Amino acid sequence: MGASLTRAAQWTTASSGTGKLEITPINESLLKEILSFVEQFSSRHPQEAKHVFKEPLQWSTTLVASDFKTDYDISGPTVQSQEKDSEGHPLLQLSPPTIFARSFSQLSKLVQLANDKKLKEVRACLEENRDPVVKILGPSFATVLEGEDNFVLRLVDKVKQEDQAADSALKVKLFFLLQHLDNQLLSNSLKKISQEVRLSPAAVKNEVELLKHFCSEGEKRVLKSVRYTSDYEFSNGCRTPPWRQVHGDICYLVIEPCDTETLYITCSTAGVFLNGGIKQEGEENAYERTSEMHKDLVTLLKSRSPHFAENINKQDFAVQEELPSTKKVQHVESVDAEEQGQPQRSYEHQEKNVHERARQQHTPNKPGGKTKLEPSPRWKSPGLMSPYDGTEEKKHRMGSGKEKSGKIQKKMLRSDSKKKADFSVSSSPGRQSSQKTKTPVGVMLAEAFSESSSESEEDEEQPERRPESNTDLPSEYWQIQKLVRYLKRGNQTATVLVLCAMRDFNLVQETCQLAIRDEGGLEVLLNLLDTKEIRCKIGSLKILREISNNSQMRRAIADLCGLQSMVKSLDSLVKDLKALAAETIANVAKFRRARRTIRQYGGIMRLVKLLDIPDLATPTAEQERDVEVARCGVLALWSCSKSTRNKEAIRKAGGIPLLGRLLKLPHENMLIPVVGTLQECASERSCRIAIQTEGMIKDLVKTLSCDNQELQMHCASAIFKCAEDKQTRDLVRQYEGLQPLVLLLNKVDNKQLLAATTGAIWKCSISMENVAKFQEYNVLEILVNLLTGQPEEVLVNVVGALGECAQIPANRAIIRRCGGIQPLVNLLTRTNQALLVNVTKAVGACATEKDNMEIIDRLDGVRLLWSLLKNPNVDVQSSAAWAICPCLENTKDAGEMLFYFVGGLELIVNLLKSTNKEVLASVCAVIAKIAKDEDNLAVITDHGVVPMLAKLTNTTDDRLRRHLAEAIAHCCMWGSNRASFGEAGAVAPLVRYLKSTDSSIHQATAHALLQLSKEPNNCITMHQNGVVKLLLGMMGSADEMFQEAAADCVFNIRRLALANDKASYGYPP
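Keep in mind that this is a model prediction, so the values were computed, not measured.

Participant: Give a detailed account of the overall build of the protein, specifying residues and quantitative values.
Facilitator: Of regular secondary structure, the protein possesses 61 helices and eleven strands. Within the span of the protein, comprising 1069 residues, buried residues form 53% of the whole. With an accessible surface of roughly 49,300 Å², the protein has 50% of that area assigned to carbon and sulfur atoms.

Participant: Lay out the packing of helix α22 (residues 492-503) against helix α25 (residues 534-547) in plain terms, naming residues and giving numbers.
Facilitator: Viewed as axis vectors pointing N to C, α22 and α25 meet at an angle of 20°, and their least axial separation amounts to 9 Å. Classified by the angle between their axes, α22 and α25 sit roughly parallel to one another. Between α22 and α25 lies a crossing of left-handed hand. Mapping the contact onto sequence places Q492, T495, V496, L499, M502 and R503 in α22 and R535, C536, G539, S540, K542, I543 and R545 in α25. Class assignment of the residues belonging to the contact of α22 with α25 gives a composition of five nonpolar, four polar and four charged.

Participant: Please provide a residue-by-residue account of the nonpolar core, values included.
Facilitator: Within the largest apolar cluster, 223 residues are counted, with the highest numbers of intra-cluster contacts made by L544, W866, I908, L949 and F981. Apart from residues lying up to four places away in sequence, L949 is in contact with L912, C924, L964, A967, I968, C971 and F981. In this structure, Y72, L92, I99 and F104 belong to the second largest nonpolar core, which totals 43 residues.

Participant: Give me the lowdown on helix α10 (residues 201-212), citing residues and values where you can.
Facilitator: Across its twelve residues, α10 extends 16 Å between first and last C-alpha, which sits within 8% of the 16 Å expected from 1.5 Å per residue. Among the residues of α10, P201, A203, V204, E207, V208 and L211 are the ones counted as buried. Seen along its axis, α10 keeps its buried residues to an arc of 160°; they face one direction.

Participant: Break down the pattern of salt bridges for me, with residues and values.
Facilitator: For the structure shown, the criterion picks out 36 salt bridges. One salt bridge in this structure joins R244 and D249, with 3.2 Å as the shortest N-O distance. The class of D249 is buried, set by a relative accessible area of 4%. The salt bridge involving E680 is made with K642; its shortest N-O contact spans 3.9 Å. Linking E680 in helix α34 (residues 668-681) with K642 in the loop between α31 (621-640) and α32 (644-652), this pair joins segments that are 38 residues apart in sequence. K642 carries the same exposure label as E680, and that label is buried. In this structure, a network of salt bridges that share partners links the residues K575, D576, E622, R625 and D626.

Participant: Can you tell me about the sheet that holds strand β4 (residues 92-95), naming the residues and giving the values?
Facilitator: Spatially, five strands are ordered β1-β5-β4-β3-β2 in an open sheet, and the strand pairing comes out antiparallel. Each edge of the open sheet is held by one strand with a lone partner, namely β1 (57-60) and β2 (72-75). The average angle at which neighbouring strand axes cross in this sheet is 10°, direction not considered. Relative to strand β5 (residues 98-101), β4 runs antiparallel, the two being bridged by four bridges. Among the inter-strand pairings, L92 is bridged to a residue of β5, identified as A101.

Participant: Go over the packing of aromatic side chains, please, and point to the residues and values.
Facilitator: The description of an aromatic ring pair rests on the distance of the ring centres and on the angle between the ring planes. Using the criterion set out here, one finds ten aromatic pairs in the structure. Ring plane angle 25° and centroid distance 4.3 Å describe the contact between F41 and F104, whose orientation is recorded as stacked. Here F41 is found in helix α2 (residues 25-44), whereas its partner F104 is found in helix α4 (residues 104-114), with 63 residues between them in sequence. The buried category is assigned to F104, whose relative accessible area is 1%. On the numbers, 5.1 Å between centres and 70° between planes, the contact of F68 with Y72 is edge-to-face.

Participant: Give a description of helix α43 (residues 792-805) that names residues and reports values.
Facilitator: The end-to-end C-alpha separation of α43 is 20 Å, in line with the 20 Å expected for 14 residues at 1.5 Å each. When you tally the buried positions in α43, you get twelve out of 14 residues, the bulk of the element. Those residues of α43 that sit buried are V794, L795, V796, N797, V798, V799, G800, A801, L802, G803, E804 and C805.

Participant: Now, about the environment of A925: what can you tell me, with residues and values included?
Facilitator: Relative to the helices and strands, A925 is located in helix α52 (residues 917-930). When the C-alpha atoms of A925 and L964 are compared, they prove to be 7.3 Å apart, with 39 residues separating the residues in sequence. With sequence-adjacent residues up to four places away left out, A925 is seen in contact with W882, C885 and H963.

Participant: An account of the sheet that holds strand β9 (residues 271-274) is needed here, citing residue identities and associated values.
Facilitator: The four strands are arranged β6-β7-β8-β9 in an open sheet whose pairing can be described as antiparallel. Looking at which strands have only one partner, the edges of the open sheet turn out to be β6 (223-228) and β9. Direction aside, the axes of adjacent strands within the sheet are offset by 25° on average. In terms of strand pairing, strand β8 (residues 263-268) meets β9 through four bridges, oriented antiparallel. Bridge assignment links C267 to a residue of β9, and that residue is V272. Where helix α12 (residues 297-304) meets the sheet, its contacts fall on β6, β7 (249-257), β8 and β9, and the angle it forms with β8 comes to roughly 155°.

Participant: Just give me the short version of the packing of helix α28 (residues 575-588) against α31, but keep the residues and values in it.
Facilitator: Interaxial distance between α28 and α31 falls to 7 Å at its minimum, and their mutual angle equals 20°. Judged by the angle between their axes, α28 and α31 are roughly parallel. By crossing handedness, the relation of α28 to α31 is classed as left-handed. Here K575, D576, K578, A579, A582, E583, I585 and A586 of α28 lie close against α31, whose contacting residues are E622, R625, D626, V629, R631, C632, G633, L635, A636 and S639. By residue class, the composition of the contact of α28 with α31 is eight nonpolar, two polar and eight charged.

Participant: Can you tell me about the confidence of the model for the protein, naming the residues and giving the values?
Facilitator: For the protein, mean pLDDT is 79; residues scoring 70 or higher make up 77% of the total. Mean pLDDT across the elements of the protein ranges from a minimum in strand β11 (residues 346-348), with 33, to a maximum in helix α46 (residues 833-846), with 95. Contacts for the low-pLDDT stretch residues 143-153, under 50 throughout, to residues beyond four places or in other chains number 22 contacts.

Participant: Describe the environment of F100, naming the residues involved and giving the relevant values.
Facilitator: Mapping F100 onto the fold places it in strand β5. The partly exposed category is assigned to F100, whose relative accessible area is 24%. Considering only alpha carbons, one finds F100 and T61, 39 residues apart in sequence, at a separation of 9.7 Å. When neighbours within four sequence positions are excluded, F100 is seen to be in contact with P56, L57, Q58, L91, L92 and Q93.

Participant: Tell me about unusual backbone geometry, residues and numbers included.
Facilitator: With an omega of 0°, the peptide bond running from P96 to P97 counts as cis. Structurally, P97 can be placed in the loop between β4 and β5. Despite not being glycine, C561 shows a phi value in the positive range, around 60°. Inspection of the secondary structure puts C561 in the loop between α26 (551-559) and α27 (562-569). Exposure remark for C561: the relative accessible area of 0% places this residue in the buried category. Unlike most non-glycine residues, D860 shows phi in positive territory, near 60°. Relative to the helices and strands, D860 is located in the loop between α47 (850-858) and α48 (861-867).

Participant: Explain the pairing of β7 to me, and be specific about the residues and the numbers.
Facilitator: Among the nine residues of β7, eight are classified as buried, and the element is accordingly described as predominantly covered. As defined by bridge partners, β6 adjoins β7 across five bridges and the pair is classed as antiparallel. Looking across to β7, one finds that Y228 is bridged to L253. Bridging between β7 and β8 involves six bridges; their strand directions are antiparallel. Its bridge partner lying in β8, I255 is registered against L263. Counting the residues that bridge the hairpin from β7 to β8 gives five residues.

Participant: So what's going on with the state of the cysteines? Residues and values would help.
Facilitator: In this structure the tally under the stated criterion is zero disulfides. Cysteine C887 is unpaired, with the sulfur of C885 as its nearest cysteine sulfur at 8.9 Å.

Participant: Explain the pairing of β8 to me, and be specific about the residues and the numbers.
Facilitator: Among the six residues in β8, five count as buried, and that is most of the element. If you look at the hairpin formed by β8 and β9, you'll find two residues sitting between the two strands.

Participant: I'd love a proper account of the side chain of N838, names of residues and values included.
Facilitator: With respect to the element layout, N838 can be found in helix α46. Ignoring anything within four residues of it in the chain, the contact list for N838 reads W762, V796, V799 and G800.

Cut-offs and rules
- Residues numbered from 1 in each chain as written.
- Predicted model: local features only at pLDDT ≥ 70, side-chain atom pairs only at ≥ 80, totals over all residues.
- Heavy atoms only, no water.
- Helix = DSSP H or I, 4+ residues; strand = E, 2+ residues; numbered from the N terminus.
- Buried < 20%, exposed > 50% of the residue type's maximum accessible area, 1.4 Å probe, protein only.
- Areas by Shrake-Rupley, 256 points an atom, 1.4 Å probe, with all protein chains shown as cover.
- Axes fitted to C-alpha atoms, helices over the stretch in contact; angles between N-to-C directions.
- Parallel < 35°, antiparallel > 145°, perpendicular 65-115°, else oblique.
- Left-handed = near helix turned anticlockwise from the far one by under 90°.
- Contact = heavy atoms within 4.5 Å.
- Nonpolar A, V, L, I, M, F, W, Y, C, P; charged D, E, K, R; others polar.
- Core = buried A, V, L, I, M, F, W, Y, C linked by side-chain atoms within 4.5 Å.
- Expected span 1.5 Å × (residues − 1).
- Arc of directions from axis to C-beta.
- Salt bridge = Lys/Arg side-chain N within 4 Å of Asp/Glu carboxyl O.
- Pairing = 2+ DSSP bridges.
- Phe/Tyr/Trp six-rings, centres within 6.5 Å; stacked < 30°, edge-to-face > 60°.
- pLDDT = per-residue confidence, 0-100.
- Disulfide = S-S within 2.5 Å.

Below, the structure written as structure tokens:
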């Protein structure tokens, strides 16, 4: 009733209001099972049935007072149960049309009273209580239901905190009963969905073409017309927009029968049904289903058109009962939207020879073929292509040929016993059936299949390099192929011997790997993982571990569902087998699809369990084996942790605390993958919090002083990511981790280590207390020396650290003395966006010193900063604008310098059209500086700065408000700008700025209002908006300039009022 309602149940996609449960077989089955559970609950669990819900379940019912019998107090249309809670509230209450139920005992009685309305009541209850478990047990169970770390212990603790001890056990038992029901509902839904026929675009197209033949004139006419709503066909065969293809829609049809009204039909992967009337591009509600689901078009037409049903079977080309769409069971594999270059493919279960498949892959396209229209690139880039795309469909492995496998199986039946037959792995159905066990459900596994990953794809598809002829192949190729043939027909002993023989070859060599794959050996090795013979499993995994270092072999293993078998092997009691399976998973999980598969089949949870090893105070031989298993498990998690969803899965499975325990071990080969996994997970805030909570910062700082540079690199990288949080920065300083980081800067030859170290120093220097420590260690001199001759990944961090350190005046002078200004200005010509953001910040910080500004001006740094305002990246634009502000403030003759920037002033004014708040705030700050020069103010006024500034005054962003008010105050100094601001409606919004809690906004606004109050009409607007009362309260400010601005503004308003009185009543002056 939790996950089953969100994942298994099928809901309508109404554009407004809450969705309703669709009328589908799956939903009917769910409702009947829930009804049966509720009906029998009181008799099976009488104690739990008396439990009072945290919140009542309420819904609109069809029951009336007359439906209730004894045990209820009836007063007119209202009904109350005689059974009450401890506070005297009735456990069931009917106030038509709403009913409230607060216990399972009352729910059981209610469904019994409903008679033939039982299912309708259950449906209404679930539709209006989408999360019933939380209402029954309380909102605190929401996190428990997500499956967080040690959820059972957390559950018990949470319940004990809330209730009495006696009620705690009852509540826990009730939770497990509901969870058992939830799992049962999901399991049954999966079985039903797996039996459904999935339509494909090709099958629908064939059926539409067949129906079009029935539209001819004369006696054979069965339909008037059949047409698509769209003539455009995507390369995957679909005719629906990409945003509908993700819902499974294939095409929309308009069919005119001879005897009924026009039918508007949706063909989807789940079946065929009537829609709300899609003619061309209907509204969102037109896509909703308005009829039952049918397996094909003919079945739907038969149910809607008697004429069609009567005449269709009389045709000479009568439709067969079994259409092409039902002849082949297809599985649609959902692929990440982010994973470009890997379109989602449809896999058909049919046997193909391995060599034949290889030949097909290398056959060039025939000339003269029909060219298909291609969709717009903007639909391809976000990964919105349909799950049916893929003109070259990958075939499943089925051994090394149908004919050959048949001979082998016959020979085995004649020569050996049933025991040997169990090891016939050539064309074994194990690999075939494993493909079918995948659930073809889009909704239920949407979260499991989706992937969010910031890293680039590590293994791009590499073109296969093959010798041009068989004569170029070495002898090892043919020897391995012979061993593979023995492997297919041998018994257990022969299989183990062949596996040992294969390991004598150099399996890292690509020729040996090709030999295994070409002869069907990869399928055999993976099928061995499904047997019960431990020796064969271990031998197979040892070979798979070696060959999985090749990217093509990794993808082949994933295509053949080998990861599923490896994940199952993690549950084995044999430690060597678990270690080998984990190590092989670590090799294969180098690309996104493999990582997603591991998570989907429960691999993350199993791998985390491998990390739970006993205390190693006095390690024994058995415990050392446990450490090796844990090491292999960490290696696998390290590979998996490159995907964002896997990082969260590791945290929820309790992996972070276990990694913290392993971090204290002295084994260096263990520490590298442990720290590597931690630094990958540290990119997620939830994981960073877990790392802090478990006290791992101290261990990371300690490990910085080791001799292994790879380990140092991962530690520094982990600190780099964790130091986003202030608490971590303070902990690094507290545990004396700053000095080891500075010492690592001397290892300039190791660029990866240098990048990680400079990144950690950059993030740590955000805290000024750490900057003071860095001053003691002379880190600025070292960083300035790193500004030249380093790769960009190092420069980004070095410049970022200098920018943070330059916030302290003394450090700005040190950067100048060390010759750091010129290399910083030179970096303004680079194109790396992250580098430009940091460089502009560093140059802007240095420009606050006049001596530094002279050097920047001499190096033409202001012009370079100004040119960055044209950069398309908004972060670069805003950072450059902020840097320009101190430059204009500390440059001699800034107005004259800007006058020679061709188009520069127009550019800065045009940036006021940006939608980014940070860009707008920084540009307003620059305009405030520019407007101090009268000539430049005249130019920007001609460029329309006044109406653009006035248009921004309705903003609620405090930072933008402050700099906008300053810009308006300075722009009032020219011509009729004061009146123009008033006419543009800028005055009233400015008055509201005085209600902000930020004192800096008050000061800037007071100065702006002072300038605007010199225009009489503006004074009237201010007075009408209550500015006087606000300014009177601010006249007591300790800031004299603020005091004076507020007082002068009130004075101008008062003087206008007196002048008005004089003019009206003739008062003497």
